[in-house]
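Given next are the chains, with one letter for each unit.
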Amino acid sequence: MERREYRLMQIVGIVVLCGAASALYADATLAAAISLVVGTLILFAGLVGAWIAKDDR
């Protein structure tokens with residue numbers, strides 16, 4: 001994948017983490033916990049993918 005796609009993954013991860021914060025504010029604890037885990041995994045996948053793609057060039 002191109003670095004642009006990894007950047008999109010990072011943005012999606014941040015958006016999901018913001019959704020987790022709003023779910024926590026709305027007292028939806030289970031939804032917040034799931035969003036926190038999923039958002040963190042997507043964000044780190046984007047960061048690691050961009051880091052590996054940088055080394056390939």
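Here, every reference points to the structure presented above.
Residues numbered from 1 in each chain as written. Predicted model: local features only at pLDDT ≥ 70, side-chain atom pairs only at ≥ 80, totals over all residues. Heavy atoms only, no water.

**Description of the overall build of the chain**
To be explicit about the condition: To qualify as a helix, a DSSP run of H or I must reach at least 4 residues; to qualify as a strand, a run of E must reach at least 2; elements of each kind are numbered from the N terminus. Note on method: radius of gyration uses C-alpha positions; expected globular size equals 2.2 Å times residues raised to 0.38. Each residue is placed in one exposure class: buried if its accessible area under a 1.4 Å probe, protein chains only, is under 20% of its type's maximum, exposed if it is over 50%, and partly exposed if it falls in between. Contacts between residues were defined by any pair of non-hydrogen atoms, one from each residue, lying within 4.5 Å. Exposure was quantified through the Shrake-Rupley algorithm and a 1.4 Å probe, taking into account, for residues, occlusion by the shown protein chains and nothing else. Positive charge is attributed to Lys and Arg, negative charge to Asp and Glu, and no charge count is given to His or to the chain ends. Charge positions are represented by NZ for Lys, CZ for Arg, CG for Asp and CD for Glu.
A count of helices and strands for the chain gives two helices and zero strands. Its C-alpha atoms give the chain a radius of gyration of 13 Å, clearly above 10 Å, the size a compact globule of 57 residues would have. Seen along its three principal axes, the alpha-carbon backbone of the chain occupies a region of about 45 × 15 × 10 Å. The 57 residues of the chain split such that 23% are buried. In the chain, of all internal contacts separated by at least 6 residues, the share reaching a separation of at least 24 is 60%. With the model as given, the accessible surface of the chain reaches about 4300 Å², and the carbon-plus-sulfur share is 70%. Within the chain, the 5 negative side-chain charges are centred at a point lying 8 Å from the centre of the 5 positive side-chain charges.

**Observations regarding the environment of L30**
Relative to the assigned elements, L30 resides in helix α2 (residues 29–56). Taking the C-alpha atoms as reference, L30 lies 21 Å from F44; in sequence the two are 14 residues apart.

**Section: helix α1 (residues 3–25)**
Under the convention used in this document: Given the number of residues in a helix, its expected span is that number minus one, multiplied by 1.5 Å.
In this model, α1 (23 residues) spans 33 Å end to end at C-alpha, consistent with the 33 Å of a helix rising 1.5 Å per residue. Every buried residue of α1 is listed here: Y6, Q10, G13, A20 and A23. Phi turns positive, to about 60 degrees, at D27, one or two residues after α1.

**Section: the side chain of S35**
Within the fold, S35 resides in helix α2. When its relative accessible area of 19% is taken as the criterion, S35 is described as buried.

**As for unusual backbone geometry**
Of note, the phi angle at D27 is positive, near 60 degrees, even though the residue is not glycine. Looking at where D27 falls in the secondary structure, it is placed in the loop between α1 and α2. Overall, D27 belongs to the exposed group, its relative accessible area being 67%.

Spatial relationships are all this shows, so hold off on functional conclusions.
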